[in-house]
Every structure is written in C-alpha cells, then in structure tokens.
Amino acid sequence: MKKLAVIAFVLTFALQLSGCGSTLDTAQVSLDKTLLGEDIVFEYNKEAKLIKISGEIEYYEQDILKGWDKAGNRIGLTFVAPSGVNELESGSLEYLDQNIGGGEFYTQVNGSKVARFTIYPLIEENTSEFEIKLTWQEGAKVQVYKVKLEDVKLKENTL
C-alpha cells in the first residue's frame, strides 16, 4: 500500500512540474483604443470570459505590416497573461480565420516576447459573436473567450 501511495505522489508531482493540463487564471482583457474609434463601448466579465462590444466600429485599409490582409472594420483587444505564464514559445491562439502557433502572437519588445498581445479581428456585417481560443503555453488548458457584438454600426470606407 505504501508503494502505491509513493507512486501516486510521484506521478502527481511530475504532472504538476510539467504543467500538464494546468489551469491558469483568466487573462486581463482591454479594448485597444490607440487606433480605434472612441465610440466603442467595452465590457468584460472575467469570470465568464465574456467580452461585449457595442457602438461604431472604425474602417481600416489593408495593412500587411500589421497583418491585416483585408481592408474592413476592426476592433482591438489586448490580452495580458495571468501569472504563471513563463514559456512564450509554445502558446497558440485561434479566432475567426486566424490560427497562430508557436507563441508567435505574443508582443515583442526590444526583440524579446512579453506575456501580452493585441489582436485586431476583422468584423463583417454578419458577425454577431465569435470565440477566441487561447492556450498560453504548452501543458496549459485551453481558455475560450466569447466576444459578443451588440448594437454595433460598421463605419463605411470614407477614404
């Protein structure tokens, strides 16, 4: 019986060290208004991982340097990793038609990755909600954030 208890302890300890299936806290999420209109209303329920956005969504031209392969209306969402995220080479991010692995979504500051990122999803006329699936690092459980667009107006191209 002692051997069984020791084996169970060792296996549990090894799984904890590897981070296998570890549950991390929910991210801090904010609206990035550096490029976006001021008419957007943003609400975030951290416990439910629910992001609600309403108001006028700005139109932007295609910008390959920013990864915007299409012109259109965009919102900016900034995610700050919870404590415990320390391996920035293995995370994955999935939303709408984007699928980014290898931690390539993390922000770079002076050539080094930091535990935050901003995305600018393209919002189309028929988009009312979408999910963001995020794995912060290898071994962490997937976190699913739901984005709901309520009473939004897509600004037209005036350029």
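Residues numbered from 1 in each chain as written. Predicted model: local features only at pLDDT ≥ 70, side-chain atom pairs only at ≥ 80, totals over all residues. Heavy atoms only, no water.

Chemist: Can you lay out the environment of Lys146 for me, pointing to particular residues and giving the numbers?
Modeler: Examined against the element boundaries, Lys146 turns out to sit in strand S14 (residues 143–154). Here the alpha-carbon distance between Lys146 and Lys52, two residues 94 residues apart in the chain, equals 8.4 Å. (Helix = DSSP H or I, 4+ residues; strand = E, 2+ residues; numbered from the N terminus.)

Chemist: So what's going on with the sheet that holds strand S7 (residues 92–95)? Which residues, and what values?
Modeler: Across the sheet, six strands lie side by side as S2-S3-S14-S13-S7-S8; this open sheet has mixed pairing. Each edge of the sheet is formed by a strand with only one pairing partner; in this case those strands are strand S2 (40–45) and strand S8 (98–100). On average, each strand axis in the sheet is inclined to that of its neighbour by 15 degrees, with strand direction left out of account. Relative to S8, S7 runs antiparallel, the two sharing three bridges. Bridge assignment links Leu93 to a residue of S8, and that residue is Ile100. (Pairing = 2+ DSSP bridges. Axes fitted to C-alpha atoms, helices over the stretch in contact; angles between N-to-C directions.)

Chemist: Residues and numbers for the confidence of the model for the protein, please.
Modeler: The predicted model of the protein averages 85 in pLDDT, with 84% of residues at 70 or higher. By mean pLDDT, the top-scoring element of the protein is strand S13 (residues 129–135) (97), and the lowest-scoring one is helix H1 (residues 2–18) (44). Ignoring residues within four places in sequence, the model shows residues 4–19, a span with pLDDT below 50, making three contacts including any to other chains. (pLDDT = per-residue confidence, 0-100. Contact = heavy atoms within 4.5 Å.)

Chemist: Any chance you could break down unusual backbone geometry for me, citing the residues and the numbers?
Modeler: Positive phi outside glycine occurs at Lys49, with the angle close to 55 degrees. Structurally, Lys49 is set in the loop between S2 and strand S3 (50–57).

Chemist: Please provide a residue-by-residue account of the packing of aromatic side chains, values included.
Modeler: Tallied over the full model, the rule gives nine aromatic pairs. Plain terms: the ring middles of Trp68 and Tyr120 are 5.4 Å apart, the flat faces sit at 65 degrees to each other, and that makes the pair edge-to-face. Separated by 52 residues along the polypeptide, Trp68 in the loop between strand S4 (59–60) and strand S5 (72–74) and Tyr120 in the loop between strand S11 (116–119) and strand S12 (122–123) bring together distant segments of the chain. Tyr120 shares its class with Trp68; the two are buried. Between the aromatic rings of Phe117 and Trp136, the centroid separation amounts to 5.8 Å while the plane-to-plane angle is 55 degrees, which identifies the pairing as tilted. Of this pair, Phe117 sits in strand S11 while Trp136 sits in the loop between S13 and S14, and the two are 19 residues apart along the sequence. A residue is classified by how much of its surface remains accessible, and Phe117, at 0% relative accessible area, is buried. We classify Trp136 as buried; its relative accessible area is 0%. (Phe/Tyr/Trp six-rings, centres within 6.5 Å; stacked < 30°, edge-to-face > 60°. Buried < 20%, exposed > 50% of the residue type's maximum accessible area, 1.4 Å probe, protein only.)

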